[in-house]
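Residue-level listing of the chains:
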Amino acid sequence: MEKKGLLKGIRIPVPTPYPIGDIYCYLSYQPPVTLLDVGVNTPKAWDALTRGLAEVGLTPKDIEVVVLSHGHADHYGQVYRVYRESGCRVLLHPSDFSKVCDRFGYYSAMVPYLKRAGLPDGFIKVFLDVMDEETAFIEDPPKGILSPIEEGDTILWMGQELQVIHLPGHCLGHIGLVNLEEQWAFTGDVIFSSMTADPIIHIEPNGERLRAMHQHLRSLERLKEMGLEVFFPSHKEEWGMVAASVDATKRRIAYKEKMMLELIKELGRATPFEIMLAFIPEVKENHNFCFVALSDTFGRLDLLEEKGLIKCEDTGELLYYSLS
Ligand SMILES: [Zn+2]
Ligand SMILES: [Zn+2]
């Protein structure tokens, strides 16, 4: 059951160069004028945002607060431009500060781990080249313009209070905004009506990889426990029946987990890269897709390892997975 009536403020579709298509930015046009996510840094995205604001008689100069749901380019790419126009406050969870302000540093620091996962140099080069290409539509903002937003904070949205909840997994610094009184939430990229969001690899400065899939499942469970009626995601349509959507998402995750276990039986001892190629063969044709595919692979491996069905061996140089 889809309940459109609950949306407060307006939804502005903004085009992105990514296969996912538009991102929805949400606008609270009552003071303080607040925008949730801003889109990528392209003329088309700027036009779309400006048109959306004009619907309610506003311009970018009128924006007082930007809340970034998380540190992915489709959500923050043109935040610095919005800031320069308006001098707005920009709020982001601190776990994503380095990802947004020092994109090259953040992603380059992952390379040693990607090598241990078995990624050949050709794939690593593509991973770094993609970052270069993205500079065409991302402008990293200086850290000084960011203010932290965290679990327990509140945002004034169309005259009502929204609670900030931390929903790590897809991104370590992902937040959601919840209207507890009316039981709806802005959920960013955590859950969608018709597809499963991907937990993305996150490597800590000490070189340790966080278990993003575990975090993601906990975040989904949390949304379910809140008893929300409707969620408004950043891509695709809003959707009711939050608990049922969470269960459907978990079923999709569990199904792929079984497929991966079968694969590891066939492969014997294999690196995460070898497992990824067998699990998602499209990567051979499309290297650009490798980072998301490897994130997906690690998510399944972590779940199987936690259940004691597979084990990970770390030789120092390479990681290998095999049946327990
Ligand atoms: Zn995202
Ligand atoms: Zn997104």
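Predicted, not measured: the structure shown is a model, and the values here were computed from it.

Caption draft 1: Just the overall build of the protein chain, in detail. When you go through the protein chain residue by residue, the secondary structure sums to 11 helices and 14 strands. Over its C-alpha trace the protein chain gives a radius of gyration of 20 Å, about what one expects of a compact globule, namely 20 Å for 324 residues. On the principal axes, the C-alpha backbone points of the protein chain span a range of 60 × 40 × 35 Å. Expressed as a percentage of the 324 residues in the protein chain, the buried residues total 42%. If you take every contact in the protein chain between residues at least 6 apart in sequence, the share linking residues at least 24 apart comes to 64%.

Caption draft 2: Just the nonpolar core, in detail. Counting 59 residues, the largest nonpolar core has C25, V66, V79, V90 and F231 as its most contacted members. Considering each element in turn, this core owes the most residues, 5 residues, to strand β2 (residues 23–28). Ignoring sequence-local partners within four residues, the contact set of V79 consists of V38, V66, L68, V90 and P141. Counting residues in hydrophobic clusters, the runner-up holds 30 residues, among them L119, F291, I310 and Y321.

Caption draft 3: Molecular detail of helix α9 (residues 242–267). Helix length check: α9 (26 residues) gives 38 Å between terminal C-alpha atoms against 38 Å at 1.5 Å per residue, within 8%. Positive backbone phi, at 75 degrees, marks G268, one or two positions downstream of α9.

Caption draft 4: Layout of the sheet that holds strand β8 (residues 160–166). The 6 strands lie next to each other as β7-β8-β9-β10-β11-β12, forming an open sheet whose pairing is mixed. Among the strands making up the open sheet, the edge pair consists of β7 (154–157) and β12 (239–240). Of the strand pairs in this sheet, β7 and β8 are connected by 4 bridges, and their pairing is antiparallel. Among the inter-strand pairings, W157 is bridged to a residue of β8, identified as Q160.

Caption draft 5: Structural context of the environment of H235. Examined against the element boundaries, H235 turns out to sit in the loop between β11 (230–233) and β12. With 47 residues separating them along the chain, H235 and G188 place their C-alpha atoms 7.7 Å apart. Leaving out residues up to four positions away in the same chain, H235 has contacts with I20, G21, I23, Y24, D189 and F192.

Caption draft 6: Region of the structure containing the domain arrangement of the protein chain. According to the domain assignment, the protein chain consists of domain 1 (4–243) and domain 2 (248–309). Averaged C-alpha coordinates put domain 1 and domain 2 at centres separated by 26 Å. Counting from both sides, the interface comprises 19 residues of domain 1 and, opposite them, 20 residues of domain 2. Contributing elements (two or more residues each) for the side of domain 1 that touches domain 2: α7 (121–134) and α8 (212–225). When residues of the side of domain 1 that touches domain 2 are assigned to their parent elements, the largest contribution, 5 residues, is made by α8. A class-by-class count of the residues in the side of domain 1 that touches domain 2 yields 14 nonpolar, 3 polar and 2 charged.

Caption draft 7: Region of the structure containing the packing of α9 against helix α11 (residues 290–306). Relative to each other, α9 and α11 sit at 80 degrees, their axes nearing to 9 Å. When the axis of α9 is compared with that of α11, the two are roughly perpendicular. Contacts between α9 and α11 involve K256, E257, M260 and L261 from the first element and R300, L303 and L304 from the second.

Caption draft 8: Quick peek at the sheet that holds strand β4 (residues 65–67). Read from one edge to the other, the open sheet built from 6 strands follows the order β1-β2-β3-β4-β5-β6, with strand pairing classed as mixed. One side of each edge strand has no neighbouring strand; the edge strands of this open sheet are β1 (10–14) and β6 (146–148). Across the sheet, the axes of successive neighbouring strands diverge by a mean angle of 25 degrees, strand direction being ignored. Note that β4 and strand β5 (residues 89–92) share 3 bridges and pair parallel. Each residue of the ladder has a partner; that of V65, found in β5, is R89.

Caption draft 9: Structural context of the environment of P17. Its location among the elements puts P17 in the loop between β1 and β2. Using a count of 16 C-beta atoms within 10 Å as the deciding quantity, one classes P17 as partly exposed. For the pair P17 and A45, spaced 28 residues apart in the sequence, the C-alpha separation amounts to 9.8 Å. When neighbours within four sequence positions are excluded, P17 is seen to be in contact with V40 and F137.

Caption draft 10: A look at the pairing of β5. With 3 bridges joining them, β5 and β6 adopt parallel strand pairing. Bridge pairing in β6 places L92 opposite P148.

Caption draft 11: Focus on α8. Over its 14 residues, α8 runs 20 Å from end to end, which matches the ideal 20 Å to within 8%, given 1.5 Å per residue. Check the buried side of α8 and you find it contacts β10 (184–188), α9 and α11.

Caption draft 12: Spatial organisation of the packing of α8 against α9. Packing of α8 against α9 leaves a shortest axis separation of 8 Å and a crossing angle of 155 degrees. When the axis of α8 is compared with that of α9, the two are roughly antiparallel. As α8 packs across α9, the resulting crossing turns out to be left-handed. Between α8, through L217, L220, E221, L223 and K224, and α9, the contact on the second element is made entirely by V242, A243, V246, T249 and K250.

Calculation criteria
In every chain, residue numbers begin from 1 and rise along the written sequence. Written order determines the labels here, with chains lettered from A and ligands numbered from 1. The model is predicted, so local features are restricted to residues of pLDDT at least 70 and side-chain atom pairs to those at 80 or more, both for listing and for counting; the totals for chains, interfaces and linings are taken over all residues. Runs of H or I in DSSP of at least four residues are treated as helices and runs of E of at least two as strands, each being numbered from the N terminus. Note that the radius of gyration is over C-alpha atoms, with the globule rule given as 2.2 Å times the number of residues to the power 0.38. Partly exposed residues are those whose C-beta has more than 12 but fewer than 20 other C-beta atoms within 10 Å; 20 or more makes a residue buried and 12 or fewer makes it exposed, with C-beta atoms placed from the backbone. Contact between two residues is assigned when their C-beta atoms, built from the backbone, lie within 7 Å. For our purposes the nonpolar core covers buried Ala, Val, Leu, Ile, Met, Phe, Trp, Tyr and Cys residues that link as a set through C-beta atoms within 7 Å. The length a helix should cover is 1.5 Å for every residue beyond the first. DSSP-based pairing: two strands are paired if at least 2 bridges between them are found. Each domain's extent is set by a domain assignment, obtained either automatically or from a database. By the convention adopted, Pro, Cys, Tyr, Trp, Phe, Met, Ile, Leu, Val and Ala count as nonpolar, Lys, Arg, Asp and Glu as charged, and the other residues, Gly among them, as polar. Simply put, an axis is a line fit to the C-alpha atoms, just over the touching stretch for a helix, and the angle between two N-to-C directions goes from 0 to 180 degrees. When describing relative orientation, an angle under 35 degrees is termed roughly parallel and one over 145 degrees roughly antiparallel, while 65 to 115 degrees is termed roughly perpendicular and anything else oblique. Note on convention: near helix rotated counterclockwise from far helix by under a right angle means a left-handed crossing. Clockwise means right-handed.

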